[in-house]
Amino acid sequence: MTDVSRRRFLAYVIAAPTVVAAARWADAGTSTTAAPQPIPSAPGLSDTYDLNDLLTDSTKTTANMITVRVNKDGTASFALPRIETGQGITTSTAMLIAEEMDLPVSKVHVTLADARPELKQNQFTGGSNTSISTYTPIRTAAAAAKQQMKGEAARRLGVSADHLTTRDGVVHAPDGRTIPYADLAESAAATSTRQIVVALKDPSEFRIIGRPHGRVDAHAAVTGRKTFTMDMHVRGALPTMICRPPTIKGTVKRVNNRTTVTNMPGVTDVAVISGGVAVRARTFGQCIDAVRALKVTWNPGTVDKDSDKTFLAELKANELPFGAPSPDPLADVVDESFTFYWKSNSALEPNVAIADVRKTRATIWSPLQAPIFTQQEVADLLGFSVDQVKVHVLPGGGAFGRRMFSDVALEAAEASKKFGKPVKLMWHRTDEFRAGRMHPMATSHVRATYSGGSVLSFEQRHTSMATDWSMGFGEPLSASMASAPPAGLGDQGYSQGVWNLTINVPYNFGQVDHAIYEIRKYDDMHTGSVRNLYSADAAVARELVVDKLAKAMKVDRYRFRQEFLKDDDLASGVLHAAAKAARWGRHMPAGTAQGIAFHSEYHGKIAAVAEIDCRPSTVNRKKRQAVTGPRVTKLVIAVDVGLPINPRGLEAQMMGGAMDAIGQILTESMHLRDGYFLEGSWDDYYYTRQWNVPRDIKVIVMPPSSDAPGGAGEFGVAVTKAAVACALAQATHETPAYFPINHFDPLPFHPFPTEPPIPQSPRDGLKHAR
Amino acid sequence: MGKHTFRVNGERVTVSAPSDVRLLWVLRDLLGITGPKYGCGIEVCRACTSHINGKAFNPCSVPVGQIDSNDEITTIEGLPDTVGKKLHPMQQAWIDRDVAQCGYCQPGQIMAAVAKVREAQQAGREITEADLDDIRNICRCGTYHRIREAIHEGAKQMAADD
Ligand code: FES
Ligand code: FES
């Protein structure tokens, strides 16, 4: 037996035909704390001893629970109340269960749970919170399932459970006898639901957690078998699209040719819904034709008189003044302001939902980050109670904040109700850019003062177009707070909260003070926070000013950060690791440079070094319908997330975040003009493409520094953006005042017309076959 | 409404649809072949990339009426059969490098990669970094770096199998 100290938790075994074990998910009201309560270890308490054979009311105590089920074939199943959108949580979840059950990862089946309103906030995927909040509950349930089977094996073998070991789904007795889980799944099933105490492995015992593991859905993904909502077949759910207004949040005044369009080939239905005019047809191609053929008279939108320029003036005018403690009049000042333009958070899989609305019930299938919220909103829309609405969560083809909202599910429900038929509603790519949610435009103003060898103060004022936080943390209670906040705080209350929870200045800079102010209303435009919330912009402003301070104080930018970092070995460790691997300070030819940045968030620390090439031969590369420009040639990221569950998945997340970062600094933004965005395709919106990708990327996953995991999904964005921006400023000897740096270049594309709202598909594709 | 006959993944199919409907929708909405993904419908994102007679193309931008009865369409589902294996070496390389994140772009990425490598190999040369820079397929999850690694690896195996 091991002599490690194992923490004990309360779990449940549930009366069922096979072994089913449960753990409390998380307390309503706390979105981050792990739910199962640790039991103080009592000397001599056996790992397999049932503390309380409490017979409990199963529905009451298990409502807020997650369950691991052992199947007759010895595999385990688990329905995860989160959404997999590429971040790898089905893999890391399978690893957690496999670890505690001593099963191969391949024998754990993780699916996505339907909306479960009883879980309150705890079915919300966002803020990189999944690993943090699910780590203990999932392991607790898995450990309970194993314990239950060991108990039955002990009885059958006549050996104390303490003397049994488990490996690869088999129980082993000291004398060599074995029983596979498959033979225990039914006989070990509980006949009544009761509470038990289980011990979780000590991290020193881990054989799966912390080791790189390939994605559990890799095979399905590369064979085309992974099923997205778009790929689902639901009887009668024909393709449906929407003809949308020419300006943001415009509305339908009149449809002028409804009959003509209804009679077009393949078209079955045409109806006005809140987002525009919905059309349903046999194929999406025929939906596109119908949308383009519609003649609609539109009412104006909400920002028809606005453009980038009007917003910039309003942001500047509304910036909060810097704080009171007036700096030492003799101190020197660094004062910089930056503008961050609109970013689209659309994923590659467009918004999509299948809806089947009947007289007394509705069913929705969609990739949803906040399914409980969606269930409530759909119920409200249809005048149903929540239990008349079933919401199935499907894996998403990316999320990036976009799928926190119910937009497409509501449209699908509305269309299905109007048509009296099921629909598969998809957004066109151009809808995604023009009618989809944006990360709001913002400015970030930083003032720092220094004197001698000290930084005396550091103040940051972030001013942003209002961000829509109305999804709250994914369930209606907290969401209603965001749209109708208490005490007349307006939306400011919620954004302040998010800002204060996520933003920090990790350096010893004397008087530190940062604040956010948001203009207009959260629903004036379609906004939402793209990956990494406010940090992605705020950290860029902060780190660029850190560089300015280092230069003014004549200290190397790396050394400066090391010296001013708040006393923390982990912070210093990632900075050192990134600098060392990137050979910080090596000679760089003119026109190229290194940049370094540090960031801390999500219970973790991260540092990045970027090398950029701004020489004309690189900047002026020619590619058809593309933005080339400066190229990040090398990138090193060192990340400490406490306990990395799957280092390979973490690496992928960091690289993915870096691709966002590179685009957001160098190439990608939306241009608002007279109430609509000019961009309408990936060849207008210059998200990172292969020709912008660094050829050399290294991610260093630091060894575990804690026995609890931190967040990872968004962590790579802010730090890489800052490192790239700092490298650029160094290479060009000029600190950019706005991002991306190409925002004011002549548009490299011809904007699509706004009427019809979507472009026709080309017909000459065969010419380009090669 | 015309009848259109051609071969998909080794099977002869006949569908009724107006000739102007793009092949992507014929495959996805009428034939239920969902490996090729929609990402733009205007030949930009390349998520729908498939092969016609062994060459990469984007079925979102080809009316079904332009497909000849002798044309052989290969989608990701039919790729392994073209080498008579359970997985094409490029798919295997993708798994070995754990390329996919959400996976939505990956059928298109793999089909584009196979054609790109074939083109280079038929010209008697190896795939270069410049070739990789030319790949237009969007990966919104940002798996680009592993895609590059996997293409190099898959190319080696394709050459060895030849
Ligand atoms: S859907 Fe065919 S290229 Fe985008
Ligand atoms: S893996 Fe998600 S878009 Fe490429």
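What you see is a predicted model, and the numbers here were worked out from it, not measured in a lab. (Residues numbered from 1 in each chain as written. Chains lettered and ligands numbered in written order. Predicted model: local features only at pLDDT ≥ 70, side-chain atom pairs only at ≥ 80, totals over all residues. Heavy atoms only, no water.)

Caption draft 1: Structural context of the overall build of chain A. For chain A, the count of helices and strands is 18 helices and 32 strands. Taken against the 2.2 N^0.38 rule, which gives 27 Å for 770 residues, the C-alpha radius of gyration of chain A at 28 Å falls within 12% of a compact globule. For chain A, the C-alpha atoms occupy an extent of roughly 80 × 75 × 60 Å along the three principal directions. Here chain A holds 770 residues, and the buried ones make up 63% of them. As displayed, chain A has an accessible area near 27,400 Å², and 52% of this comes from carbon and sulfur atoms. The distance from the centre of the 85 positive side-chain charges to the centre of the 78 negative ones in chain A is 6 Å. (Helix = DSSP H or I, 4+ residues; strand = E, 2+ residues; numbered from the N terminus. Rg over C-alpha atoms; globule rule 2.2 N^0.38 Å. Buried < 20%, exposed > 50% of the residue type's maximum accessible area, 1.4 Å probe, protein only. Areas by Shrake-Rupley, 256 points an atom, 1.4 Å probe, with all protein chains shown as cover. Lys, Arg positive; Asp, Glu negative; His and termini not counted. Charge placed at Lys NZ, Arg CZ, Asp CG, Glu CD.)

Caption draft 2: Region of the structure containing helix α3 (residues 89-96) of chain B. Those residues of α3 of chain B lying buried are Pro89, Met90, Gln91, Ala93 and Trp94 of chain B. Immediately beyond the C-terminal end of α3 of chain B, within one or two residues, lies aspartate 98 of chain B, with a positive phi of roughly 50 degrees.

Caption draft 3: Highlighting the pattern of salt bridges. Residue and element names in this part refer to chain A. Summed over the entire model, instances satisfying the criterion amount to 58 salt bridges over all chains. The salt bridge partner of lysine 390 is aspartate 114, with a shortest N-O separation of 3.4 Å. Remark: aspartate 114 occurs in the loop between β6 (108-112) and α3 (130-157) and lysine 390 occurs in strand β20 (residues 389-393); sequence separation between them is 276 residues. Accessibility expressed as a relative area gives 24% for aspartate 114, which makes it partly exposed. Residue aspartate 217 is joined to lysine 226 by a salt bridge in which the shortest nitrogen-to-oxygen separation is 3.0 Å. What makes aspartate 217 buried here is its relative accessible area of 12%. (Salt bridge = Lys/Arg side-chain N within 4 Å of Asp/Glu carboxyl O.)

Caption draft 4: Structural detail: the domain arrangement of chain B. Residue and element names in this part refer to chain B. According to the domain assignment, chain B contains domain 1 (2-78) and domain 2 (80-161). Put simply, the middle of domain 1 and the middle of domain 2, counted by C-alpha atoms, are 21 Å apart. Between domain 1 and domain 2, the contact holds 17 residues from the first and 16 residues from the second. Of the roughly 1,400 Å² buried between domain 1 and domain 2 on both sides combined, carbon and sulfur atoms contribute 62%. Contact with domain 2 buries area across many residues of domain 1, yet Arg46, His51 and Ile76 alone supply 37% of it, more than any other trio. Its residues placed into classes, the side of domain 1 that touches domain 2 shows six nonpolar, eight polar and three charged. (Domains from an automatic or database assignment. Contact = heavy atoms within 4.5 Å. Buried area = accessible area lost by both parts, 1.4 Å probe. Nonpolar A, V, L, I, M, F, W, Y, C, P; charged D, E, K, R; others polar.)

Caption draft 5: Region of interest: the nonpolar core. By size, the foremost hydrophobic cluster in this structure holds 174 residues, and its most contacted members are Trp342 and Phe509 of chain A together with Phe6, Trp94 and Ile151 of chain B. At 11 residues, helix α18 (residues 715-732) of chain A tops the list of elements feeding residues into this core. Residues contacting tryptophan 94 of chain B, with those up to four places away along its chain left out, are Val222 of chain A together with Val99, Gln106, Gln109, Ile110, Ala113, Ile147, Ala150 and Ile151 of chain B. Counting 56 residues, the second largest nonpolar core, distinct from the first, contains Leu80, Ile97, Val108 and Phe206 of chain A. (Core = buried A, V, L, I, M, F, W, Y, C linked by side-chain atoms within 4.5 Å.)

Caption draft 6: Summary view of the sheet that holds strand β8 (residues 170-172) of chain A. All names here are of chain A. Reading across the sheet, the three strands line up as β7-β8-β9 and stay open at both edges, with antiparallel pairing between neighbours. Looking along the sheet, the strands with just one partner apiece sit at the ends: β7 (165-167) and β9 (178-180). On average, each strand axis in the sheet is tilted by 25 degrees relative to the strand beside it, whichever way the strands run. (Pairing = 2+ DSSP bridges. Axes fitted to C-alpha atoms, helices over the stretch in contact; angles between N-to-C directions.)

Caption draft 7: Focus on the packing of helix α4 (residues 106-122) of chain B against helix α6 (residues 144-161) of chain B. All names here are of chain B. As a packed pair, α4 and α6 sit with axes 10 Å apart at the nearest point and diverge in direction by 50 degrees. Compared by their axis directions, α4 and α6 come out oblique. Crossing of α4 over α6 shows right-handed handedness. For the pair formed by α4 and α6, the contact residues are Gln106, Gln109, Ala113, Val114, Val117, Arg118 and Gln121 on the first element and Ile147, Ile151, Ala155, Met158 and Ala159 on the second. When grouped by side-chain class, the residues that make up the contact of α4 with α6 number eight nonpolar, three polar and one charged. (Parallel < 35°, antiparallel > 145°, perpendicular 65-115°, else oblique. Left-handed = near helix turned anticlockwise from the far one by under 90°.)

Caption draft 8: Layout of the side chain of serine 133 of chain A. Structurally, serine 133 of chain A is set in helix α3. Only 2.9 Å separates the side chain of serine 133 of chain A from the side chain of arginine 82 of chain A, close enough to count as a polar contact. (Polar contact = N/O pair within 3.5 Å; in protein donor to acceptor, adjacent residues only side chain to side chain.)

Caption draft 9: The environment of proline 647 of chain A, seen in detail. Within the fold, proline 647 of chain A resides in helix α17 (residues 647-666). Look past the residues within four positions of proline 647 of chain A in its chain and what remains in contact with it is Gly210, Arg211, Pro212 and Val701 of chain A.

Caption draft 10: Region of interest: the side chain of glutamate 679 of chain A. Along the chain, glutamate 679 of chain A turns up in the loop between β30 (676-677) and β31 (696-701). Residues contacting glutamate 679 of chain A, with those up to four places away along its chain left out, are Phe433, Arg434, Ser669, Met670, His671, Asp684, Tyr685 and Phe749 of chain A.

Caption draft 11: Summary view of unusual backbone geometry. All names here are of chain A. For the peptide bond that leads from phenylalanine 739 to proline 740, omega is -5 degrees, which places it in the cis range. Inspection of the secondary structure assignment puts proline 740 in the segment after β32 (738-739). Here the amide bond leading from glutamate 755 into proline 756 is cis, since omega sits at -5 degrees, within 30 degrees of zero. Following the sequence through the fold, proline 756 ends up in the segment after β32. Non-glycine residue aspartate 674 carries a positive phi angle of around 50 degrees. Along the chain, aspartate 674 turns up in the loop between β29 (672-673) and β30.

Caption draft 12: Examining the interface of chain A and chain B more closely. Listed per partner, the contact involves 73 residues of chain A and 68 residues of chain B. Run the count over chain A and chain B and you get 10 salt bridges. Note that aspartate 660 of chain A is salt-bridged to arginine 140 of chain B, the shortest N-O span being 2.8 Å. Counting the contacts that link chain A with chain B gives 36 residue pairs in polar contact (both at pLDDT 80 or more). Elements with a minimum of two residues in the side of chain A that touches chain B: α4 (218-223), α6 (284-293), α17 and β31 of chain A. The element contributing the most residues to the side of chain A that touches chain B is α17 of chain A, with seven residues. For the side of chain A that touches chain B, the residue count by class is 29 nonpolar, 26 polar and 18 charged.

Caption draft 13: Expanded view of the packing of α3 of chain B against α4 of chain B. Residues and elements named next belong to chain B. As a packed pair, α3 and α4 sit with axes 10 Å apart at the nearest point and diverge in direction by 125 degrees. When the interaxial angle is binned, α3 and α4 end up oblique. In this structure, α3 crosses over α4, and the sense of that crossing is right-handed. Packed against α3, whose contacting residues are Met90, Gln91 and Trp94, the element α4 presents Gln106, Gln109, Ile110, Ala113, Val114 and Val117 at the interface. Looking at the contact of α3 with α4 residue by residue, the classes come out as six nonpolar, three polar and no charged.

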